[in-house]
Amino acid sequence: MKIQAPPGMRDFYPADMRLQNWLFDAWRRVSRSFGFSEYDGPIFEFLDLFTIKSGDEIVSQLFDFEDRGGRRFAIRPEMTPTLARMVAARANSLPRPIKWFSIPRMCRAEKPQRGRLREFYQWNADILGVDDVLADAEIIAVAVAFLREVGLTPEDVVVKLSSRPIATAVLASIGIEASQADRAFQLIDRYDKLGPNEFRRQWNEAYGPDVPGERLERYLTEASLEQCLDLVAAAGEQGVAARTQFESLLAHLESFGVMPFCKFDLRIVRGLGYYTGPVFEVFGRRSELRAVLGGGRYDDLTTMLDGPRVPGVGFGMGDAPMMELLKELGKLPELEEELDIFIIDADPQLFATVQELAAALRGHGLATDFSYKRVGVSKQFKQASARGARYALVVGSEYVERRELTVKNLERGEQIIVPADDLLRAPQEALQRV
Ligand code: HAM
């Protein structure tokens, strides 16, 4: 019986793994450059952690199971509830601000499609314990720093930005109270996916014909930032606060130099249930792919988990959609296998020396290999190139006569003779000579 990988799950062959590590390295580099520390949590959690506030869509996509003791668990579909649980557990002892990142592997029972899988990795960066939109702006700056790091420009990608309080105030202006807003948020979140007709149908089903869905639709599709902010400010004290907060966020984004990537879009409300402040998603400008990143501010998640209040803001970026976007834009690097040295014997009698040298060079931390078969020198050189080796080391008659080795720089095609003792004492230095 032939068994394949389950649908929506991936095998990572070495070539795939090289790209994956390239992406992870960039994620880690950028996170650290902003002063974030890495953390991780368990691959599955008690089911309740996700049903409390993640929102219906994600709950319907859980892979859950029961252990032998009848306890219900779910493989993590996102990281934020785990993060909130971990922070809440040590809220009093963790130094603030809490700037943490993680690259968890997670599962969602989605219908697999390009860039959306059932198992994926998601870069998470979050700042907790800061009540100021300065943290929101910095989180967006982290995301933009990564986009720049992999060679993307404002012509390639856009950070679409809005805020829950702004959306709440716009809804209030058409008579929808905050307590009834959840369904409206879901519909707004799915506006582009549903299309105008289906949106109208579902809107009428949810709110009846008296609530003017067309007015909201006009705001969703046509209104400028200024028009939305004016409307919001007219919606009383909370609206004025929402406007001031958003303007302050924009000012910080300007100072961080990331405004060219950002665009206000009232349609961004986010599907997850816990967001309370600014929300944002990143899209390819000319791409059909869904968002490559989503995030926002969540001030009440730790309280929902019965912990002390620790406000937070952060984002998740999926590996699969990001890789698809980079492929579309021709921005994926070509990565060869990386081997420092391939040792070649000019005479099969010298193979024991090849093995001794390999052991010594590996001990110096150099990636070193050799041919398992005793074949001719030119075949061994071919193997060296096929393995992506930077240097070939030839053990031949000069080794027998004078303990010298030929070192060839395979990138430049040049070679020199080096005393074996020099090479074994300080190999990096000896290699740099050629
Ligand atoms: P999310 O919008 O559910 O947010 O996911 C964030 C990103 O994860 C998406 O924009 C996409 O890049 C990636 N993603 C989601 N589902 C899949 C999938 N099935 N396959 C591949 N990639 C996927 C969250 O998860 C929030 N917890 C993010 C967050 C962190 N908010 C605050 N902090």
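Because the structure is a prediction, the values reported are computed rather than measured.

So, how was this worked out
Residues numbered from 1 in each chain as written. Predicted model: local features only at pLDDT ≥ 70, side-chain atom pairs only at ≥ 80, totals over all residues. Heavy atoms only, no water. Helix = DSSP H or I, 4+ residues; strand = E, 2+ residues; numbered from the N terminus. Rg over C-alpha atoms; globule rule 2.2 N^0.38 Å. Buried < 20%, exposed > 50% of the residue type's maximum accessible area, 1.4 Å probe, protein only. Contact = heavy atoms within 4.5 Å. Areas by Shrake-Rupley, 256 points an atom, 1.4 Å probe, with all protein chains shown as cover. Lys, Arg positive; Asp, Glu negative; His and termini not counted. Charge placed at Lys NZ, Arg CZ, Asp CG, Glu CD. Domains from an automatic or database assignment. Pairing = 2+ DSSP bridges. Axes fitted to C-alpha atoms, helices over the stretch in contact; angles between N-to-C directions. Expected span 1.5 Å × (residues − 1). Polar contact = N/O pair within 3.5 Å; in protein donor to acceptor, adjacent residues only side chain to side chain. Nonpolar A, V, L, I, M, F, W, Y, C, P; charged D, E, K, R; others polar. Phe/Tyr/Trp six-rings, centres within 6.5 Å; stacked < 30°, edge-to-face > 60°. Lys NZ or Arg CZ within 6 Å of the ring centre and 35° of its normal.

Engineer: Sorry if this is basic, but what is going on with the overall build of the protein here?
Structural biologist: For the protein, the count of helices and strands is 18 helices and 17 strands. Relative to the globule expectation of 22 Å for 434 residues, the C-alpha radius of gyration of the protein, 28 Å, shows a markedly less compact shape. If one aligns the C-alpha atoms of the protein with their principal axes, the spans along those axes are about 95 × 55 × 50 Å. Of all 434 residues assigned to the protein, the portion counted as buried reaches 49%. Contacts spanning at least 24 positions in sequence make up 67% of the contacts within the protein whose residues lie at least 6 apart. Split by element, the accessible area of the protein, about 21100 Å² in all, is 48% carbon and sulfur. If the 55 positive side-chain charges of the protein are averaged to one point and the 64 negative ones to another, these points end up 3 Å apart.

Engineer: Honestly, the domain arrangement of the protein in this entry has me stumped. Any pointers?
Structural biologist: Note: interface size is frequently given as the accessible area lost on complex formation between the parts. Each assigned domain of the protein is listed here: domain 1 (14–40 + 78–328) and domain 2 (339–431). Placing the centre of domain 1 and that of domain 2 at their C-alpha centroids yields a distance of 52 Å.

Engineer: Teacher, can you tell me more about the pairing of strand 5 (residues 98–102) here?
Structural biologist: With five of five residues buried, strand 5 lies mostly within the body of the structure. The alternating pattern of strand 5 places I98, W100 and S102 and K99 and F101 on opposite faces, both of which are buried. The pairing of strand 5 with strand 7 (residues 119–128) spans five bridges and is antiparallel. Its bridge partner being in strand 7, K99 is matched across the sheet by I127.

Engineer: What is the right way to look at the sheet that holds strand 2 (residues 44–46) in this model?
Structural biologist: By way of backbone hydrogen bonds, the strands of a sheet pair with one another, either parallel or antiparallel. Here three strands make up an open sheet; going across it, the order is 2-4-3 and the pairing antiparallel. The outermost strands of the open sheet, each flanked by one partner alone, are strand 2 and strand 3 (64–66). Each neighbouring strand pair of the sheet contributes to a mean axis angle of 35 degrees, computed without reference to strand direction. As paired strands, strand 2 and strand 4 (residues 72–75) are joined by three bridges and run antiparallel to one another. By the bridge assignment for strand 4, F46 is matched with F73.

Engineer: What am I meant to see in helix 5 (residues 133–149) here?
Structural biologist: Residue pairs spaced three or four apart in an α-helix point in one direction, given the helix's 3.6 residues per turn. In this model, helix 5 (17 residues) spans 24 Å end to end at C-alpha, consistent with the 24 Å of a helix rising 1.5 Å per residue. Of all 17 residues in helix 5, 13 are buried; the element is thus mostly enclosed. Capping the start of helix 5, D132 holds a side-chain oxygen 2.8 Å from the backbone nitrogen of L134, two or three residues further along. The positive-phi residue at the C-terminal boundary of helix 5 is G151, with phi of around 90 degrees.

Engineer: Just checking my understanding: could you explain the packing of helix 10 (residues 225–233) against helix 11 (residues 237–255) for this structure?
Structural biologist: Axis angle and axis distance: for two packed helices, these are the angle between their axes and the distance between the axes, and together they describe the pair. As a packed pair, helix 10 and helix 11 sit with axes 7 Å apart at the nearest point and diverge in direction by 145 degrees. For the pair helix 10 and helix 11, the contacting residues are L225, L229, D230, V232 and A233 in the first and G239, V240, A242, R243, F246, E247 and L250 in the second. Split into classes, the residues belonging to the contact of helix 10 with helix 11 amount to eight nonpolar, one polar and three charged.

Engineer: Would you mind showing me how to read helix 4 (residues 80–89) here?
Structural biologist: Along helix 4, seven of the ten residues are buried, which leaves the element largely enclosed by surrounding structure. Listed as buried for helix 4 are T80, P81, T82, L83, A84, V87 and A88. Contacts from the buried residues of helix 4 go to strand 2, helix 2 (47–51), strand 5, strand 7, strand 11 (293–298) and helix 12 (301–304).

Engineer: What is the right way to read the packing of aromatic side chains from this model?
Structural biologist: Think of a pair of aromatic rings as described by two things: how far the centres are apart, and how the planes are tilted against each other in angle. As enumerated under the stated definition, the model contains 20 aromatic pairs in all. Judged by centre distance (4.7 Å) and plane angle (40 degrees), the rings of W203 and Y207 are tilted. Of this pair, W203 and Y207 both sit in helix 8 (residues 191–207), four residues apart, which is roughly one turn of the helix. Just as W203 is buried, Y207 falls in that class too. Between the aromatic rings of F351 and F370, the centroid separation amounts to 5.6 Å while the plane-to-plane angle is 70 degrees, which identifies the pairing as edge-to-face. Pair noted here: F351 is in helix 14 (residues 351–363) and F370 is in strand 14 (residues 368–370), with a separation of 19 residues, a long-range link. Connected via pairs of aromatic rings, a cluster forms that spans F12, F24, W27, Y121, W123, F146 and F315. Sitting above the plane of the F283 ring, K160 keeps its charged end 4.6 Å from the centroid. Looking at R164, its charged tip hangs above the ring of F185, at a distance of 4.3 Å from the centre.

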